[in-house]
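Each chain is listed here by its residues.
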Amino acid sequence: MSLLKFILSIVAVAVTVQSAVVPRQSSTPIPASCSGVSAARYSSTLASGWRATKIAGNLRTPRGIIIDSSGNLLVVESGKGITVHTLAATGCISSSKTLISQTNLNHGIFLTPDSKTLYASSSTTVWRWTYDPVAAAISGSSTVVVNGMLAAGHVSRTLSIPKNNPNLLVVSHGSNGNLDMPTVSPSAARAIVKVFNMSNVPSGGYNYVSGGYTAGYGLRNEVGIVFDGNNMLWGVENSSDDMRRTVNGQTTDIHNDNPAEELNYLGDVSVPNTKWYGYPTCFTVWTPSAIRDKTFAIGDQLVLSPNTTFNDDTCKTQSTPPRLSFQAHSAPLDAQFNPEFTTLYVSFHGSWNRPTPTGYKLVAVPFGKSADGSYAPTAAANSGSGYTDIWKNTNEAGCSSGCFRPVGIATQGTRVFVTSDASTEGELFVLGRV
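Only a predicted model underlies this, so the values are computations on that prediction, with no experimental measurement involved.

(A) Quick peek at the packing of aromatic side chains. One pass over the structure, following the stated rule, counts 16 aromatic pairs. For the pair Phe341 and Tyr375, a centre-to-centre distance of 5.7 Å together with 55° between the ring planes defines the contact as tilted. Of this pair, Phe341 sits in the loop between strand S25 (332-337) and strand S26 (343-348) while Tyr375 sits in strand S28 (residues 375-377), and the two are 34 residues apart along the sequence. Overall, the relative accessible area of 21% leaves Phe341 in the partly exposed class. Of the aromatic side chains, those joined through ring pairs into one cluster are Trp234, Tyr265, Phe337, Phe341, Phe367 and Tyr375. Lying across the ring of Tyr208, Lys194 places its NZ or CZ 5.4 Å from the centre.

Below, the structure written as structure tokens:
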């Protein structure tokens, strides 16, 4: 070997070793601050190695958020419409404008994988627009693709589209109130997730009640829905409030820490899913010690008034339980995976039905890939610690008087964008490791 080749081989080894042990700077940096943006309204606490920076304020009730193929952020501002925000390389916003002025848009937003078709929803209707991600503009008028949803109860109509089947639009519809008893049947078309084929939309749009097909029902308020790396659908559910259990004439108030919020596996939306997930009859246990008449574990399901016709054991045979449970009253409103599908980020909007507030944070659920290639949380279904806090209000116990309230999530490389619709100020944040 010549001296030159020897020296080059040593240099190559050194470079290889250095690149293996020194982490490269993130291609999606997290700014420490953004010029012209006021300080965050509320103080927060972050997991080790994380940063959260406010990149926009004074938004009007920001809810759903999506990123187009050019890297623009599209945000539903409930009562205003959809705004679009162009990002600088730093992660701060360089410009903003109103994309669609439509006051009845309130939460749902999604783009087809090519970013050329935009969908958004009100409580009753889903519209479609032709969208140009380069110009960050729409062309032509909107088209109604789904109508006939109920303008009452839980009114967030979340939207999603599987990457492997961009003609399928998934629409979640919550219950009409706390206990919506008719939803024990999917024909009620509430507390349900449905799928509609966008390649042959009828004139005037599909009727939500009679059109499409079911992707799971008995889902009280499945606000956050997301596809994993296999294009299988997952949902996070807001469960019921004011729960009391009556057994043999004795009533016990169990509402403080029961029922659990849920992470549900809904699966392949290219075919109907007729599974029942329990609501409005079977509820998931979060704190077993609060239920004194019987021994339960986290993740078990129970009924409020067991009888000879329908009891806790009936739930085991008829209801599909959640894959993971969350603290009661956390109010999960969105869920998004990181690019590797190893972490599911979930936004907790926060409680109202609990003396000591809970929620008001962003959490991470570790995911793994099984031998059969399927994705699932790494924690067992009966775990009470299957997720970790990433970003939370410093004084969570005082959140009844004011806190940031996470809603929508969008991911871009290592960045995580989160909206907060706190009544004091609508804000948009970017989070990431530093």
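We are not done yet, so read on.
(B) Summary view of the state of the cysteines. Within this structure, the stated rule accounts for three disulfides. There is a disulfide in this structure between Cys282 and Cys315, and the S-S distance comes to 2.1 Å. Taking the torsion about the sulfur-sulfur bond, which here is approximately -95°, the covalent link between Cys282 and Cys315 counts as left-handed. Of this pair, Cys282 sits in the loop between strand S21 (273-276) and strand S22 (283-284) while Cys315 sits in helix H2 (residues 312-318), placing them 33 residues apart in sequence. Looking at Cys282, the relative accessible area reads 2%, which means it is buried.

(C) Looking closely at the sheet that holds strand S14 (residues 206-207). With respect to topology, five strands assemble into an open sheet ordered S7-S8-S9-S10-S14, the strand pairing being mixed. Each edge of the sheet is formed by a strand with only one pairing partner; in this case those strands are strand S7 (109-111) and S14. Alignment of strand S10 (residues 137-147) against S14, held across two bridges, turns out to be parallel. From the neighbouring strand, Val146 faces S14, where its bridge partner is Tyr206.

(D) Structural context of the sheet that holds strand S12 (residues 168-173). Spatial strand order, S11-S12-S13-S15-S21: five strands in an open sheet with mixed pairing. The open sheet has two edge strands with one neighbour each: strand S11 (159-160) and S21. Strand direction decides the pairing type here: strand S15 (residues 213-217) and S21, joined by two bridges, are parallel. If you follow Ala215 over to S21, its bridge partner there is Asn273.

(E) Fine view of the pairing of strand S18 (residues 244-247). Where burial is concerned, the two faces of S18 differ: the one with Arg245 and Val247 is buried and the one with Arg244 and Thr246 is not. Strand direction decides the pairing type here: S18 and strand S19 (residues 250-253), joined by four bridges, are antiparallel. Paired with Thr246 across the two strands is Thr251, which belongs to S19. Between the antiparallel neighbours S18 and S19 lie two residues, among them Asn248 with a positive phi of about 55°.

(F) Molecular detail of the nonpolar core. With 38 residues, the main nonpolar core has Leu74, Ile82, Leu118, Val126 and Leu169 as its most contacted residues. If one sorts the elements of this core by residue count, strand S9 (residues 126-132) sits on top with four residues. Not counting chain neighbours up to four residues away, the residues in contact with Val126 comprise Tyr119, Ala120, Ser121, Thr143, Val144, Val145, Val146, Met149, Leu159, Leu169 and Val171. Grouped together as the second largest cluster of nonpolar side chains are 20 residues, Trp234, Trp286, Leu344 and Ala379 included.

(G) How the structure looks around the pattern of salt bridges. Taken as a whole and assessed by the stated rule, the structure comprises 15 salt bridges. The salt bridge partner of Lys54 is Glu427, with a shortest N-O separation of 3.0 Å. With Lys54 in strand S2 (residues 50-59) and Glu427 in strand S32 (residues 426-433), the pair connects residues that are 373 residues apart, well separated along the chain. In this structure Glu427 comes out as buried when scored by relative accessible area, which is 0%. In this structure, the salt-bridge partner of Lys361 is Glu396, at a minimum N-O distance of 3.1 Å. Of the two residues, Lys361 sits in strand S27 (residues 361-369) while Glu396 sits in the loop between strand S29 (388-393) and strand S30 (406-412), which places them 35 residues apart along the sequence. Across this residue pair, the class does not change: Lys361 and Glu396 are buried. Through salt bridges that share partners, Arg41, Lys54, Glu425 and Glu427 make up one connected network.

(H) Representation of unusual backbone geometry within the structure. Residues Asn258 and Pro259 are joined by a peptide bond in cis, for which omega reads -5°. Tyr279 connects to Pro280 through a cis peptide bond whose omega is 10°. For Thr61, which is not glycine, the phi dihedral falls at a positive 45°. You can see Thr61 is positioned in the loop between S2 and strand S3 (62-67). Positive phi is not limited to glycine here, since His329 has a value of about 70°. Note on His329: relative accessible area 4%, which makes it buried.

(I) Expanded view of the environment of Asp389. Following the sequence through the fold, Asp389 ends up in strand S29. Setting aside its immediate chain neighbours within four residues, Asp389 contacts Ala47, Lys361, Leu362 and Val363. A distance of 3.2 Å separates a polar atom in the side chain of Asp389 from a polar atom in the side chain of Lys361.

(J) Molecular detail of the environment of Arg51. You can see Arg51 is positioned in strand S2. Sequence-distant contacts of Arg51, defined by excluding residues within four places in its chain, comprise Ile30, Pro31, Ala32, Leu46, Val430, Leu431, Gly432 and Val434. From its side chain, Arg51 meets the backbone oxygen of Ile30 in a polar contact 2.6 Å long.

Basis of the calculations
Residues numbered from 1 in each chain as written. Predicted model: local features only at pLDDT ≥ 70, side-chain atom pairs only at ≥ 80, totals over all residues. Heavy atoms only, no water. Phe/Tyr/Trp six-rings, centres within 6.5 Å; stacked < 30°, edge-to-face > 60°. Helix = DSSP H or I, 4+ residues; strand = E, 2+ residues; numbered from the N terminus. Buried < 20%, exposed > 50% of the residue type's maximum accessible area, 1.4 Å probe, protein only. Lys NZ or Arg CZ within 6 Å of the ring centre and 35° of its normal. Disulfide = S-S within 2.5 Å. Pairing = 2+ DSSP bridges. Core = buried A, V, L, I, M, F, W, Y, C linked by side-chain atoms within 4.5 Å. Contact = heavy atoms within 4.5 Å. Salt bridge = Lys/Arg side-chain N within 4 Å of Asp/Glu carboxyl O. Polar contact = N/O pair within 3.5 Å; in protein donor to acceptor, adjacent residues only side chain to side chain.

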